[in-house]
Amino acid sequence: MQTNPNHLSENIIAAIRSVAGDQPVALHEPKFTGNEARYVNECITTGWVSSVGKFVDRFEQQLAEYTGVKRAIAVVNGTAALQVALQLVGVKRDDEVLLPTLTFIATANAVSYCGAIPHFVDSAIDTLGLDPNKLEAYLGEIAEVRSGSCFNKKTGRRIKAVLPMHAFGHSVDLDRLADVCRTYCLELVEDTAESLGSFYKGKHTGHWGKVSALSFNGNKIITTGGGGAILTNDEALGKFAKHITTTAKVPHQWAFMHDEIGYNYRLPNLNAALGCAQLEQIDSFLVSKRRLAQRYQKAFANVEGVSFFNEPEFSKSNYWLNAILLDPAVAHLRDMVLEQTNTQGIMTRPAWELIHQLKMYASCPRMDDLSVAQSILKHLINIPSSVVLGERLE
Ligand SMILES: *Cc1c(COP(=O)(O)O)cnc(C)c1O
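Residues numbered from 1 in each chain as written. Predicted model: local features only at pLDDT ≥ 70, side-chain atom pairs only at ≥ 80, totals over all residues. Heavy atoms only, no water.

**Q** Help me understand the sheet that holds strand 8 (residues 199–200) in this model?
**A** Taken together, three strands build an open sheet; the order of strands is 9-8-13 and the sheet is antiparallel. Both edges of this open sheet fall to strand 9 (203–204) and strand 13 (315–316), since each of them pairs with a single strand only. As defined by bridge partners, strand 8 adjoins strand 13 across two bridges and the pair is classed as antiparallel. Bridge pairing in strand 13 places Phe199 opposite Lys316. (Pairing = 2+ DSSP bridges. Helix = DSSP H or I, 4+ residues; strand = E, 2+ residues; numbered from the N terminus.)

See below:
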């Protein structure tokens, strides 16, 4: 049977409404029904709203406990966390950093802030994230390891790191990727902005390189308004991360002594207060999100021309943003589906435009074949995924 274009949108809208209800639905809205107001109010009444205060320490401890890392360092946003994470592993001016072309712009921007050059690679269809097998084959062609460093034979530049991203909360194949990084003497830095609460083979994402970076932007699984964190299992690196993100001030009762060009990237206490309250609820958020994903999966099982994206077998995903993929036969109708769902009050979004095609990154090195990323962009639609939608299904 041919899929009728009108039926495609109608069927998708019906499937979403059968799960999310008839009211207008956001893509991802935050939920503040825990201790948020109490903790934020405490900051205001005590006067500790800014760069010092107990909630920053508490939030960092809670994060470390939850993710299982030794140290978490709270910062102003996920992009800043990524930039510092790259610097911590030694990314320097004119180094190349390998990252997927299919990611949020911040991943590439963080590389640029270090003076380094993004080098774009393809994604895998089973994870939507960086494909370690394709990366390995590619490095076999273009890379050369000399005295413990990896070089790009074409550009002559050092390739310092690989920066994968766990798209919409689905983990990439981290063991495989870590192997490839070891073979080619590359640092692995995980962009875990979307994967708080996502586990790879039973362990929280963010453990596979020396450092990783979280985001607590308003649309993420938990939010601090704006915020991010650097995660590491290396105590010394964690200590240094705290130092350079807090202006590199040498502790002293009254003297203003600084021993590096540091950053004022620390997370204000107000935001950390929100984060503490949010993180207290993450387990119940994750239950709701998983329930929502399961319902969507069932609802889309009978929709012709569409499949629901399920977590990879090695990943226990947070299902931050649920995604459907249009079959190739109906992929040309993607924009029509986006148009009609949004018109009807159902907020849907495509994936990000591929970064190698944006003008400021168009001349960066890249794999010739980025066909999987192109295909994902053509076929994927994110559908409403707020915690509250899953809760209503109880
Ligand atoms: C949200 C996000 C970031 C950046 O986080 P901000 O807190 O918004 O700076 C980085 N990478 C990815 C993949 C993201 O989704």
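Resuming the write-up.
**Q** What should I look at first to understand the layout of surface pockets in this one?
**A** With a probe scaled to a water molecule rolled over the atoms, the places where space remains empty come into view. Roughly 440 Å³ of volume is contained in the largest pocket. As for the largest pocket, its lining consists of 30 residues, and the residues nearest its centre are Phe104, Glu194, Asn219, Lys220 and Trp320. Counting only elements with at least two residues in the lining of the largest pocket, the list comes to helix 4 (78–88), helix 5 (105–113), strand 10 (211–215) and strand 15 (349–350). Taken together, the residues of the lining of the largest pocket sort by class into 14 nonpolar, 12 polar and four charged. Considered as a void within the structure, the second largest pocket measures approximately 360 Å³ in volume. Forming the boundary of the second largest pocket are 13 residues, of which Ser51, Val52, Lys242, Thr246 and Arg266 lie nearest the centre. Put simply, the parts of the chain that give the lining of the second largest pocket at least two residues each are helix 3 (54–67) and helix 8 (235–245). For the lining of the second largest pocket, the leading source of residues is helix 8, giving three residues. Looking at the lining of the second largest pocket residue by residue, the class counts come to three nonpolar, five polar and five charged. (1 Å grid on protein atoms, 1.4 Å probe; cavity = no way out; pocket = protein on both sides within 12 Å on 5 of 7 lines; lining within 4 Å. Points joined across faces, edges and corners; volume = space filled by probe spheres on them. Nonpolar A, V, L, I, M, F, W, Y, C, P; charged D, E, K, R; others polar.)

**Q** Help me understand the side chain of Ser212 in this model?
**A** Within the secondary structure, Ser212 sits in strand 10. Within the local environment of Ser212, its side chain forms a polar contact with the backbone oxygen of Gly206, the two atoms lying 3.1 Å apart. Apart from residues no more than four positions distant in its own chain, Ser212 is found in contact with Glu190, Thr192, Gly206, Ala229, Ile230 and Leu231. (Polar contact = N/O pair within 3.5 Å; in protein donor to acceptor, adjacent residues only side chain to side chain. Contact = heavy atoms within 4.5 Å.)

**Q** Whenever I open this one, the pattern of salt bridges confuses me. Can you help?
**A** Two side chains bearing opposite charge may form a pair once their charged atoms approach each other closely. All told, the structure shown has 14 salt bridges when counted by the stated rule. In this structure, the salt-bridge partner of Arg157 is Glu96, at a minimum N-O distance of 2.9 Å. Within this pair, whereas Arg157 is found in the loop between strand 5 (149–152) and strand 6 (158–162), its partner Glu96 is found in strand 2 (residues 96–100), the two being separated by 61 residues in sequence. For Arg157, a relative accessible area of 27% translates into the label partly exposed. For Glu96, a relative accessible area of 0% corresponds to the buried category. For Lys134, the salt bridge identified is with Asp369, shortest N-O distance 2.9 Å. Remark: Asp369 occurs in the loop between strand 15 and helix 12 (371–379) and Lys134 occurs in helix 6 (residues 132–142); sequence separation between them is 235 residues. In the salt-bridge network here, residues are joined through shared partners; they are Asp122, Lys134 and Asp369. (Salt bridge = Lys/Arg side-chain N within 4 Å of Asp/Glu carboxyl O. Buried < 20%, exposed > 50% of the residue type's maximum accessible area, 1.4 Å probe, protein only.)

**Q** Help me understand helix 9 (residues 269–279) in this model?
**A** Where burial is concerned, most of helix 9 is hidden: 10 out of the 11 residues are buried. When we look at burial in helix 9, the residues that qualify are Asn269, Asn271, Ala272, Ala273, Leu274, Gly275, Cys276, Ala277, Gln278 and Leu279.

Remember, this is a structural readout, not a statement about activity or role.
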